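# Structural overview
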Amino acid sequence: MTNNKTNIQKLTLGAILTALVILLQLMGSFIRFGPFSVSLVLIPIVIGAATCGPYIGAWLGFVFGVAVLLSGDAAAFLAISVPGTILTVLLKGTLCGLCAGLVYRLLANFDISLSLKRQSPPANVFTASINIGVLLAAFVCPIVNTGIFLLGCAVFFMDTVAQWAGNMNVAAYMFLGLAGGNFLFELSANLLLSPTVVKLLHLAKRSK
């Protein structure tokens, strides 16, 4: 009965976060940092990955990718290669959510196993795993998202990116022009907001 209740709670939270991902992506089209929109969507992806597990994180990332394609945010790349754009966008979204969830779960399981060996109160160590685990998940998520984006650019769009770079070094343009500002903003927002929200959700769950 408890497992069913937990599963229902995870599915409900996952549904809410799915709607939030879509909303934030549509709103994010109007929030720009340089030539591309800022992905505030990574925050609910990290929250879902930490509280509901890696598969929900992967689902939220996939929804993020679909929303990017439908919002027109990837129009410049779709004009160059439709298959390359679809693969890159869906893969970077799905894997950033999956990896964030796996990192959080690995650390949480490791901390809980240590608490049992030391006979410490599991709740105290689990609080530590929330703080550290979510920070690492929030760090990994934008790294994977940006890393696969840059990899996709190198594989599918290198000729066009070289034209966009002009006289600038192509690699420098990719890191600084295409991804730099966005990555730093996304990383900062994730590190600041995701741990706080996840901790509040866990405190609310424990108080019931």
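Everything below is about the structure printed above this text.
Reading the values: rules and limits
- Residues numbered from 1 in each chain as written.
- Predicted model: local features only at pLDDT ≥ 70, side-chain atom pairs only at ≥ 80, totals over all residues.
- Heavy atoms only, no water.
- Buried < 20%, exposed > 50% of the residue type's maximum accessible area, 1.4 Å probe, protein only.
- Helix = DSSP H or I, 4+ residues; strand = E, 2+ residues; numbered from the N terminus.
- Arc of directions from axis to C-beta.
- Phe/Tyr/Trp six-rings, centres within 6.5 Å; stacked < 30°, edge-to-face > 60°.
- Contact = heavy atoms within 4.5 Å.
- Core = buried A, V, L, I, M, F, W, Y, C linked by side-chain atoms within 4.5 Å.

## Some points on helix 7 (residues 158-165)
- Regarding helix 7, the residues found buried are T160, V161 and A165. Burial along helix 7 is one-sided: seen end-on, the buried residues are contained in an arc of 145°. The exposed residues of helix 7 that point more than 90 degrees off its buried face are D159 and Q163.
- Directly after helix 7, the chain includes G166, whose backbone phi takes a positive value near 65°.

## Let's talk about the environment of L135
- Mapped onto the elements, L135 comes out in helix 6 (residues 122-156).
- Sequence separation between L135 and L193 is 58 residues; the distance between their C-alpha atoms is 9.7 Å.

## Observations concerning helix 2 (residues 42-52)
- Here helix 2 lies mainly inside the structure; 11 of its 11 residues are buried.
- Residues L42, I43, P44, I45, V46, I47, G48, A49, A50, T51 and C52 constitute the buried set of helix 2.
- Downstream of helix 2 by a residue or two, G53 has a phi angle that is positive, lying close to 110°.

## A short note on the packing of aromatic side chains
- Evaluated as defined, the whole model comprises 5 aromatic pairs.
- Residues F77 and F149 carry aromatic rings whose centres are separated by 5.8 Å and whose planes lie at 90° to one another, so their mutual orientation is edge-to-face. Placement of F77 in helix 4 (residues 75-78) and of F149 in helix 6 is noted, with a sequence separation of 72 residues between them. Taken as a pair, F77 and F149 share a single burial class, namely buried.
- Centre to centre, the rings of F77 and W164 are 5.6 Å apart; their planes meet at 75°, and the pair counts as edge-to-face. A residue pair is termed long-range when its members are at least 10 positions apart, and F77 in helix 4 and W164 in helix 7 qualify at 87 residues.

## Some points on the environment of L95
- Within the fold, L95 resides in helix 5 (residues 82-118).
- For L95, a relative accessible area of 28% gives the class partly exposed.
- For the pair L95 and A58, spaced 37 residues apart in the sequence, the C-alpha separation amounts to 6.3 Å.
- Filtering out sequence-adjacent residues up to four positions away, L95 remains in contact with V144 and I148.

## So, the nonpolar core
- Judged by nonpolar contacts, the single largest core of 31 residues is most densely connected at V21, I45, F64 and C141.
- Sorting the residues of this core by element identifies helix 1 (2-28), helix 2, helix 3 (54-71), helix 5, helix 6 and helix 8 (170-207) as the ones contributing at least two each.
- Sort the elements by how many residues they give to this core and helix 2 lands first, with 8 residues.
- Not counting the four nearest positions on each side in its chain, C141 is found in contact with L42, I45, V46, C96 and A100.
- Counting residues in hydrophobic clusters, the runner-up holds 11 residues, among them C153, V161, A165 and M174.

## Overview of the environment of V82
- Structurally, V82 can be placed in helix 5.
- Residue class for V82 comes out partly exposed when judged on its relative accessible area of 43%.
- For the pair V82 and F156, spaced 74 residues apart in sequence, the C-alpha separation works out to 9.9 Å.

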